[in-house]
Amino acid sequence: DTEVTQTPKHLVMGMTNKKSLKCEQHMGHRAMYWYKQKAKKPPELMFVYSYEKLSINESVPSRFSPECPNSSLLNLHLHALQPEDSALYLCASSQLGLAGGRTGELFFGEGSRLTVL
Amino acid sequence: GQQLNQSPQSMFIQEGEDVSMNCTSSSIFNTWLWYKQEPGEGPVLLIALYKAGELTSNGRLTAQFGITRKDSFLNISASIPSDVGIYFCAGRSGTASKLTFGTGTRLQVTL
C-alpha cells in the first residue's frame, strides 16, 4: 500500500471548469512532486516543492497552479484545461537533506486520472 | 537535456524465464532507481542504487549501477505472471531533486 494518497482517483471536467487534485503524505518527507503521465510514456516532471517552497517549475502552463499548504499536503489547481491535458497525474514525495545533501527515493501515489472534455 | 534510453522497449517471455533490461544515459548520474508500474497505478520503487559498481537484490530482482555511471541494469530471475508491467529506470545527478525517467520496458509473461 502506498503511503502517498491522491484524490480523486478519477476526474472528468469540461474546459471551463475549475477543479483541484489533492495529495497527502505522512512520511515526514519535505519534498513533494507533481508528474504528468500520458499513456505508454514515462512520467514527466511538472513541479517540485522543497520545504514547502516551489523549487522547480518545468515551464508548465499557468492553467496548472500548484499549492503546498503544509509539509504533508500538495494540491494542483486546474482551470481552463484543454483536452490534450487529459492524463494520469502522479504525486510523489521524498526525503531531503540526507547524508551528503542527497535527496531520497521518490514514493508515488496511485495517481489521479484526468479526462478533459 | 538529459535522456535515458531503456531497452528493450518490450519483452514477451514465458513463465520461468529470466529477464534482463538496461538503461543508458548521455550523462553521468549518481543515483539510479528502478520502478515498476502496473495499469492504473503509480510507479512502485523496486531498487535504489547509489554507488558505481553497486549490485543490489530485492528477492528475484537484481540491479546494478554501471561502472561508468552512465548505465544501469535490471535482471528478473524465474519470471512469474505477476511480474507483468512497465519497468522504468530513473536517474538523478548531483543532490538535485529532479529525477529523469527512462522510456520504459513493457514486460508480458505468458504461462
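Cut-offs and rules
Residues numbered from 1 in each chain as written. Chains lettered and ligands numbered in written order. Predicted model: local features only at pLDDT ≥ 70, side-chain atom pairs only at ≥ 80, totals over all residues. Heavy atoms only, no water. Contact = heavy atoms within 4.5 Å. Buried area = accessible area lost by both parts, 1.4 Å probe. Salt bridge = Lys/Arg side-chain N within 4 Å of Asp/Glu carboxyl O. Polar contact = N/O pair within 3.5 Å; in protein donor to acceptor, adjacent residues only side chain to side chain. Helix = DSSP H or I, 4+ residues; strand = E, 2+ residues; numbered from the N terminus. Nonpolar A, V, L, I, M, F, W, Y, C, P; charged D, E, K, R; others polar. Buried < 20%, exposed > 50% of the residue type's maximum accessible area, 1.4 Å probe, protein only. Pairing = 2+ DSSP bridges. Core = buried A, V, L, I, M, F, W, Y, C linked by side-chain atoms within 4.5 Å. Disulfide = S-S within 2.5 Å.

### Some words on the interface of chain A and chain B
Residue-level contacts link 27 residues of chain A with 21 residues of chain B. For the chain A and chain B pair, buried surface summed over both sides reaches about 1,800 Å², with 56% attributable to carbon and sulfur atoms. At the surface where chain A touches chain B, the tally comes to 1 salt bridge. Joining chain A to chain B, the criterion identifies 5 residue pairs in polar contact (both at pLDDT 80 or more). Within the residue set of the side of chain A that touches chain B, elements represented by two or more residues are strand 4 (31-37), strand 5 (44-50), strand 9 (87-94) and strand 10 (107-108) of chain A. Within the side of chain A that touches chain B, the residues separate by chemical class into 13 nonpolar, 7 polar and 7 charged.

### Remarks on the pairing of strand 5 of chain A
Residues and elements named next belong to chain A. Most of strand 5 sits out of view: 6 of its 7 residues are buried. Pairing of strand 4 with strand 5, which is carried by 6 bridges, proceeds in the antiparallel orientation. Residue pairing in the sheet places Lys-36 in a bridge with Glu-44 of strand 5. Between the end of strand 4 and the start of strand 5, which pair antiparallel, lie 6 residues, with Lys-40 showing a positive phi angle near 65°. Relative to strand 6 (residues 53-57), strand 5 runs antiparallel, the two being bridged by 4 bridges. Counted as the bridge partner of Val-48 is Ile-56 from strand 6.

### Remarks on the nonpolar core
Core analysis: the largest hydrophobic core is formed by 22 residues, its most contacted members being Trp-34, Phe-64, Leu-76 and Leu-78 of chain A. When residues of this core are traced back to their parent elements, those giving at least two are strand 2 (10-13), strand 3 (18-25), strand 4, strand 5, strand 7 (64-70), strand 8 (73-79), strand 9 and strand 11 (112-116) of chain A. Judged by nonpolar contacts, the second largest core, of 21 residues, contains Leu-4, Leu-46, Leu-49 and Leu-107 of chain B.

### A closer look at the state of the cysteines
Residues and elements named next belong to chain A. Counting across every chain of the model gives 2 disulfides over all chains. With its sulfur 1.9 Å from that of its partner, Cys-23 forms a disulfide with Cys-91. Torsion about the S-S bond of the Cys-23 and Cys-91 cystine: about -75°, corresponding to left-handed handedness. Separated by 68 residues along the polypeptide, Cys-23 in strand 3 and Cys-91 in strand 9 bring together distant segments of the chain. Residues Cys-23 and Cys-91 agree in their burial class; the two are buried.

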